[in-house]
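Architecture at a glance
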Amino acid sequence: MNRALPMFAKFVCVTLMSLSVAWANEEKAPAAADPAKGSTLYSNGDPSRGILACVACHGAAGNSTITQNPKLAGQHEAYIQKQLHNFKGPDRNNAVMTGIAKALGEDDVRNIAAFLEQQKPAPGAARNKNTVDLGKKIYRAGIAEKHVPACAGCHGPNGAGIPAQYARIAGQHQDYTIAQLTNFRTGTRANSAQMTAVGKRMSDEEMQAVADYIAGLR
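A brief report on the enclosed structure follows. Being a predicted model, the structure only gives us computed values, none of them experimental.

**A word on the pattern of salt bridges**
Summed over all chains, the structure comprises 6 salt bridges. Its salt-bridge partner being Arg 110, residue Asp 107 comes within 2.2 Å of it at the nearest N-O pair. Taken as a pair, Asp 107 and Arg 110 lie in helix α6 (residues 106-117) at a separation of 3 residues, close to a single helical turn. Residues Arg 127 and Asp 175 are paired through a salt bridge, measuring 3.4 Å at the closest nitrogen-oxygen approach. Here Arg 127 is found in the loop between α6 and α7 (132-141), whereas its partner Asp 175 is found in helix α9 (residues 174-186), with 48 residues between them in sequence. Here Asp 175 falls in the partly exposed class, since its relative accessible area comes to 28%. Connected through salt bridges with shared partners, the residues Asp 46, Arg 49 and Asp 108 form a single ionic network.

**Description of helix α11 (residues 204-215)**
Between its first and last C-alpha atoms α11 spans 17 Å; for 12 residues at 1.5 Å apiece the expected length is 16 Å, and the two agree. For α11, a buried count of 9 out of 12 residues is recorded, marking the element as mostly surrounded by other parts of the structure. By the burial criterion, the buried members of α11 are Glu 206, Met 207, Ala 209, Val 210, Ala 211, Asp 212, Tyr 213, Ile 214 and Ala 215. Buried residues along α11 sit against α7, α9 and α10 (193-201).

**Considerations on the side chain of Thr 131**
You can see Thr 131 is positioned in the loop between α6 and α7. For Thr 131, a relative accessible area of 18% translates into the label buried. Ignoring any residue separated from it by four or fewer positions in sequence, one finds Thr 131 in contact with Ala 209 and Asp 212.

**Points about unusual backbone geometry**
Residues other than glycine seldom take positive phi values, yet Ala 61 does so here, at roughly 55°. On the basis of relative accessibility, which here comes to 28%, the residue Ala 61 falls in the partly exposed class.

**Points about the environment of His 85**
Mapped onto the fold, His 85 is located in helix α4 (residues 77-87). The spatial distance from the C-alpha of His 85 to the C-alpha of Ala 101 is 7.1 Å, given a sequence separation of 16 residues. For His 85, the contacting residues outside a window of four places in its chain are Glu 106 and Val 109. There is a polar contact of 3.1 Å between the side chain of His 85 and the side chain of Glu 106.

**Observations concerning helix α2 (residues 35-44)**
Those residues of α2 lying buried are Gly 38, Leu 41 and Tyr 42. Buried positions in α2, seen along its axis, are confined to an arc of 100° and lie on one side of it. α2 presents Ala 36, Lys 37 and Asn 44 as exposed residues on the side facing more than 90 degrees away from its buried surface. Packing partners of the buried residues in α2 comprise α3 (55-58) and α6. Residue Asp 34 occupies the N-cap position of α2, its side-chain oxygen lying 3.0 Å from the main-chain nitrogen of Ala 36. Two residues or fewer past α2, Gly 45 is found with a positive phi of approximately 70°.

Each value, and the rule that gives it
- Residues numbered from 1 in each chain as written.
- Predicted model: local features only at pLDDT ≥ 70, side-chain atom pairs only at ≥ 80, totals over all residues.
- Heavy atoms only, no water.
- Salt bridge = Lys/Arg side-chain N within 4 Å of Asp/Glu carboxyl O.
- Helix = DSSP H or I, 4+ residues; strand = E, 2+ residues; numbered from the N terminus.
- Buried < 20%, exposed > 50% of the residue type's maximum accessible area, 1.4 Å probe, protein only.
- Expected span 1.5 Å × (residues − 1).
- Contact = heavy atoms within 4.5 Å.
- Polar contact = N/O pair within 3.5 Å; in protein donor to acceptor, adjacent residues only side chain to side chain.
- Arc of directions from axis to C-beta.

In short, the description is geometric, and any link to function would need to be established separately.
Structure (structure tokens):
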């Protein structure tokens with residue numbers, strides 16, 4: 001009896017199984033993001049799927065001129081993807097964005113995020129000179145007596161953020177920043193335990209001051 005045959009058969013079986021796993025993993029790998037497709041979807045939407053054009057609320061190239069809607073130009077690709085996924089669930093419920101996010105496929109999410117990350121952010125400006133010093137202090141040093149950490153620790157000295165972890169916030173609209181801090185405080189937005197804790201410890205005045213300072217960061 002040729003003892004080599006069972007060993008050969010075992011080798012062939014293991015090899016085929018390995019190839020099958022490799023092929024399966026290759027099939028599951030997501031397609032590379034396509035910023036061009038993201039640009040088209042951002043600008044035109046897709047009425048056939050009930051997807052509204054993002055540009056209507058977030059402005060050309062992600063530079064919103066509506067202070068209640070965030071500027072998205074230059075935002076980290078991974079962060080945008082996370083937020084769009086969060087809008088689909090209970091952690092970030094929004095009457096407009098929840099419906100739009102649920103209509104987006106995974107490729108749509110990746111493409112839009114890739115497009116927005118490539119856009120150049122328009123600068124903002126602080127509006128209230130009387131509170132900008134307080135905002136600067138909170139942003140750079142936090143509020144020790146309230147255990148509020150410095151915003152710069154996560155979002156960077158210039159508000160550039162850390163890709164995939166913390167948002168780029170430089171130049172963001174004051175109204176939007178205040179609204180989000182308030183939402184974290186009340187639990188309306190619950191997709192960051194860190195920000196929920198921060199929001200609950202800040203007063204309205206402190207929120208307004210830091211939001212104003214953030215608007216002027218570049």
